[in-house]
Amino acid sequence: MKISLLEPIGIDGALMDELSAPLKAAGNEFVFYPEKTTDPAELYERAKDSDIVMIANNPLPNEVIEKCEKLKMLDVAFTGIDHVGLKACAEKGVMVCNAAGYSNETVSELAVGMAISVLRKINAGDKATREGKTMASAGLMGTELGTKTVGIIGTGRIGIMTARLFKAFGCRLLGYSRSERDEAKQAGIEYVSLEELLKESDIVSLHIPSTAATKGFLSAERIALMKKSAILINCARGAVVDNKALADALNAENIAGAAIDVFDMEPPIPADYPLLGAKNTLLTPHVAFASKESMIRRAKIVFDNIYAYLDGKPVNVCDIK
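Nothing here was measured: the structure is a model prediction, and the numbers come from that model.

Procedures and definitions
Residue positions within a chain follow its written sequence, with the count starting from 1. The predicted origin of the model limits local features to residues at a pLDDT of at least 70 and limits the giving and counting of side-chain atom pairs to 80 or more, whereas totals for whole chains, interfaces and linings rest on all residues. Heavy atoms throughout the structure, all of them, feed into the side-chain values; hydrogens and water do not. We define a salt bridge as a contact between a side-chain nitrogen of Lys or Arg and a carboxyl oxygen of Asp or Glu at a distance within 4 Å. We count a stretch as a helix when DSSP gives it H or I for four or more residues in a row; a strand needs E for two or more, and each element gets its number in order from the N terminus. Each residue is placed in one exposure class: buried if its accessible area under a 1.4 Å probe, protein chains only, is under 20% of its type's maximum, exposed if it is over 50%, and partly exposed if it falls in between. In this analysis, the expected span of each helix is defined as 1.5 Å times one less than the number of residues it contains. Note on disulfides: each one is a pair of cysteine sulfur atoms within 2.5 Å. N or O atoms closer than or at 3.5 Å make up a polar contact, with two conditions inside protein: a donor-capable atom paired with an acceptor-capable one, and, for residues adjacent in sequence, both atoms drawn from side chains. It only takes one pair of heavy atoms within 4.5 Å for two residues to be counted as in contact. Note on aromatic contacts: the rings of Phe and Tyr and the six-membered ring of Trp form a pair at centre separations within 6.5 Å, being stacked when their planes are under 30 degrees apart, edge-to-face when over 60 apart, and tilted otherwise. Two thresholds decide whether a charge sits over a ring: the Lys NZ or Arg CZ must be within 6 Å of the ring centre and within 35 degrees of the ring normal. Angles here are taken between N-to-C directions and fall from 0 to 180 degrees, while the axes themselves are lines fitted to C-alpha atoms, restricted in helices to the stretch in contact. Here roughly perpendicular refers to angles of 65 to 115 degrees, roughly parallel to angles under 35, roughly antiparallel to angles over 145, and oblique to all remaining angles. Crossing handedness is read from the near helix: turned anticlockwise from the far helix by less than a right angle, it gives a left-handed crossing, and turned clockwise, a right-handed one.

Colleague: Quick one: what's the story with the pattern of salt bridges, residue by residue and with numbers?
Modeller: Overall, the coordinates contain 19 salt bridges when judged by the stated rule. Among the salt bridges present, the one from E7 reaches K36, with a minimum N-O distance of 3.7 Å. In this pair, E7 sits in the loop between β1 (2–5) and α1 (13–25) while K36 sits in the loop between β2 (29–32) and α2 (40–47), placing the two residues 29 residues apart along the sequence. Its relative accessible area of 1% is what places E7 among the buried residues. Residues D51 and K72 are paired through a salt bridge, measuring 2.6 Å at the closest nitrogen-oxygen approach. With D51 in the loop between α2 and β3 (52–55) and K72 in the loop between α3 (62–67) and β4 (73–76), this pair connects stretches of sequence that are 21 residues apart. D51 gets classed as buried once you look at its relative accessible area, which sits at 6%. A cluster of three or more residues bridged by salt bridges with shared partners is formed by K127, E131 and K133.

Colleague: Could you give an account of helix α5 (residues 104–120), with specific residues and numbers?
Modeller: Taking 1.5 Å per residue, 17 residues should reach 24 Å; α5 reaches 24 Å between its end C-alpha atoms and fits that length. The first or second residue beyond α5 is K121, which carries a positive phi of 55°.

Colleague: Any details on the state of the cysteines? Residues and values, ideally.
Modeller: By definition, a disulfide links the sulfur atoms of two cysteines through a covalent bond. Inspection of the entire model under this criterion finds zero disulfides. The thiol of C97 is unpaired, and the distance to the nearest cysteine sulfur, on C318, comes to 6.6 Å. The class of C97 is buried, set by a relative accessible area of 0%. Of all cysteine sulfurs, the one in C171 lies closest to C235, which takes part in no disulfide; the gap is 15 Å.

Colleague: With reference to specific residues and values, describe the side chain of S201.
Modeller: On the secondary structure map, S201 appears in the loop between α10 (194–200) and β9 (203–206). By relative accessible area, which is 0% here, S201 ends up buried. Among the polar contacts made by the side chain of S201, one reaches the main-chain amide nitrogen of G151 at a distance of 3.3 Å. Within the structure, the side chain of S201 is placed 2.7 Å from the backbone oxygen of L197, a separation counted as a polar contact. Residues in contact with S201, not counting those within four places in the same chain, are T149, V150, G151, L174, K227 and A230.

Colleague: Which residues make up the packing of aromatic side chains, and what values do they have?
Modeller: Evaluated as defined, the whole model comprises four aromatic pairs. Ring centres of F263 and Y273 lie 5.8 Å apart, and the angle between their planes is 80°; this geometry places the pair in the edge-to-face category. One end of the pair, F263, is in the loop between β11 (257–260) and β12 (281–283); the other, Y273, is in the loop between β11 and β12, and ten residues separate them in sequence. Residue F263 is classed as buried on the basis of its relative accessible area of 9%. The exposure class assigned to Y273 is buried, which follows from its relative accessible area of 8%. Above the plane of the ring of F217 lies R222, whose end atom (NZ or CZ) is 4.7 Å from the centre.

Colleague: So what's going on with the packing of α5 against helix α8 (residues 157–168)? Which residues, and what values?
Modeller: Where α5 meets α8, the axes come as close as 9 Å, and the angle between the chain directions of the two elements is 45°. Classed by the angle they form, the pair α5 and α8 counts as oblique. Seen from above, α5 lies across α8 with right-handed handedness. Only R157, I158, M161, T162, L165 and F166 of α8 make contact with α5, whose side of the interface consists of N104, E105, V107, S108, E109, A111, V112 and A115.

Everything listed here is a matter of geometry and, on its own, says nothing about what the molecule does.
Now the structure itself:
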């Protein structure tokens, strides 16, 4: 079989060689492309003769997948698969596997770190110090994390991990999800309605996937339910929030702040994007998943996906119907 990795996955050459060596030893062809491309024509050139294609978070559109006649498996080194042409995969019977679980710790730590940064005004404090200002002159009085009620929307593995970290600071935990999980309750999450969570939470942290059903999930109407003193953390997917409505709420001081790692597009963000000019907003360029440790975990998972598939016992198979 020919196996093609169409983009870097954050590991060095030595680990890449180690993980791919058994594939080559078994007589498979393994091809790695060290630079990303978003050009559909180039993506097709890289993928066209492959039985298995590996990608990370770079989009692989339907138009490319439709033309890949030999493609049998798409191995996604990412948790979300909304950047994949799932329609074409379903029509062609292409199995899609992901790397769920690789970034649980990494995303959770950033979500909590962002909350602390906004509450304690760390970015503003850095700027004020460099400008020769004091705490009083720069208005840097913050609030403690441990006194807060945190609403976790989406209680999958990352949501539960995030809840555990907030719990370690002494936070009260509320949760909303399509289904209740015993593991979440054991972590200290009290399940409530979405309306109650939004009304009572001092911090709302999003951990839901991007699907047709969740597009614009946090709408203007739902943002309006939040406390004026509340902050929003989004390390999930950009499309689950109406980001124009969020920017409007921040500028009108209807909520107190936001920390956002994901947007309606992959960075770089256009200069006129609403959140770039919104008040009390901490922005990072989609880094929640990225740590040295998570990249190693991710690489091992996606290569294990291939070995399991070749062994006739596929794992991490995504439901794309």
